[in-house]
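# Secondary and tertiary structure notes
The primary structure of each chain is shown beneath.
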Amino acid sequence: VPMGPFFSNDNLLNVLHISAFAILGTLVRFYINYIFATGNPAVQLTTTDGPIFNDLPANILGCLLMGLLVSSTHLKIDHAHGEHSVLLNSRLVPIALIPLASPFQHLPRVHLGLRTGFCGSLTTLSAWVAQMVVMLFAGRVADAAMGYIIGVEASLCALLVGMSAAAAALRSHLQQQRLVLTMELEASEALHSDTPVVSSPPPSLPLARHADAAAACMLVLGLVGAVVGVARADPDSSAAPRHEWLALLFAPVGAVLRFQLARLNSLPSGPAAWLPRGTLLANTLAAAVSGAAAGAARQTGLSPWQRTVVTAVPLGLAGSLSTVSTLVVELHAMFPSDWARDSASRFYVYLFLSLVLPSLAASVTYAWAV
């Protein structure tokens, strides 16, 4: 998806889709937290002061969906050689899960919205790290360490489950396409024609415009609904509290900022060019914001509106600025496919930095604000 200058037409359309899906992803995260943390005592699996942290189910779901939405490149399928070379013809399959000829393959901005907006905002590293930092300050080192381990392992496993399903679907699509090609080859042998190549329908401009219009409607409805929710929320009601509605207004800002910081991932930087600096910076900044908010929330002199804002900022802005789904995809890309030949050093270095730097940032701001 082209990015270009921020106010270019392409980038504004990217921002439109990311913002719309960011609100949806944040809303789903709230609902999942409600189910597993506060909504039903019978299934209250997560806590605010334990290793099974509040956003663990949302992170698992987001990473699973991210695995289902990967392209053929992330599945490390050889486009130029092997049994699928003729079928793929060096062509990227944007969404491996769906049929190769589906019109949905030609909606890159929708793909961006689903991956960066929805999955990126459904998963959050900042709240996870902030909860671990609070436990560390309370002297519960073992619980915090277990929380880090569970969070990493669960997210990576969810991604792998999704990717394995996407790979199985892609193999099935290729097998079906191979049967079609065989029939076409048999019909064309008499004409001595060249080997047919898999081709998808050309991008449909009306379909892309319909997708842009749908994203605009989603964004407007989300923003208007959030504003109405903030204005009409009753602090004493059991319905969605005011800080959740306010967080929905902050969510697009965090997701778009993370998308813009992703530009840093592709900038050359010598030996560290392999490091996804944009994702690392976004997660660190978001953790700093969440740490400061966690410390400020412990103050007793806050007015109701101040407490609403202090609660909404980490949920919406920091929650969407940070991401676990993108992190685990980047980690998976660094994992060696051949242990005898390749080194896993980059995987472990990036994992270490992605946990330590946000934790340090959250610790500093939490200690400052508490």
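Figured I'd write up the structure that's included with this text. Numbers given for residues are sequential positions, taken from 1 along each chain in its written order. Since the coordinates come from a predicted model, pLDDT governs what is reported: local features require at least 70, and pairs of side-chain atoms require 80 or more to be given and counted, while whole-chain, interface and lining totals use all residues. Side-chain metrics rest on all non-hydrogen atoms present in the structure, leaving aside hydrogens and water.

## Points about the packing of helix 5 (residues 126–137) against helix 9 (residues 277–296)
Keep this limit in mind: Here, axes are lines fitted to C-alpha atoms. For helices the fit covers the stretch in contact, and angles between N-to-C directions go from 0 to 180 degrees. Runs of H or I in DSSP of at least four residues are treated as helices and runs of E of at least two as strands, each being numbered from the N terminus. Roughly parallel covers angles under 35 degrees, roughly antiparallel covers those over 145, roughly perpendicular covers 65 to 115, and oblique covers all other angles. It is the rotation of the near helix from the far one that decides the hand of a crossing: anticlockwise by less than a right angle makes it left-handed, clockwise makes it right-handed. In what follows, residue pairs with any heavy atoms lying within 4.5 Å of each other are defined as contacts. Amino acid classes used here: Ala, Val, Leu, Ile, Met, Phe, Trp, Tyr, Cys and Pro are nonpolar; Asp, Glu, Lys and Arg are charged; the rest, including Gly, are polar.
It is at 8 Å that the axes of helix 5 and helix 9 come closest, and there the two elements cross at 50 degrees. As judged from the angle between their axes, helix 5 and helix 9 are oblique. By crossing handedness, the relation of helix 5 to helix 9 is classed as right-handed. Contacts between helix 5 and helix 9 involve Ser126, Ala127, Val129, Ala130 and Val134 from the first element and Ala286, Ala287, Ser290, Gly291 and Ala294 from the second. Per-class residue counts for the contact of helix 5 with helix 9 are seven nonpolar, three polar and no charged.

## Details of the pattern of salt bridges
The criterion, for reference: Any Lys or Arg side-chain nitrogen located within 4 Å of an Asp or Glu carboxyl oxygen qualifies as a salt bridge. The buried label goes to any residue with under 20% of its type's maximum accessible area, the exposed label to any with over 50%, and the partly exposed label to all in between, with areas taken from a 1.4 Å probe on protein chains only.
Summed over the entire model, instances satisfying the criterion amount to two salt bridges. Close ionic contact of aspartate 10 with arginine 109 constitutes a salt bridge, the shortest N to O distance being 2.8 Å. Of the two residues, aspartate 10 is situated in helix 1 (residues 9–39) and arginine 109 in helix 4 (residues 108–122); the sequence distance between them amounts to 99 residues. Overall, the relative accessible area of 31% leaves aspartate 10 in the partly exposed class. A salt bridge links arginine 140 to aspartate 143, with the shortest nitrogen-to-oxygen separation between them at 2.8 Å. The partly exposed category is assigned to arginine 140, whose relative accessible area is 29%. With relative accessibility at 27%, the residue aspartate 143 sits in the partly exposed group.

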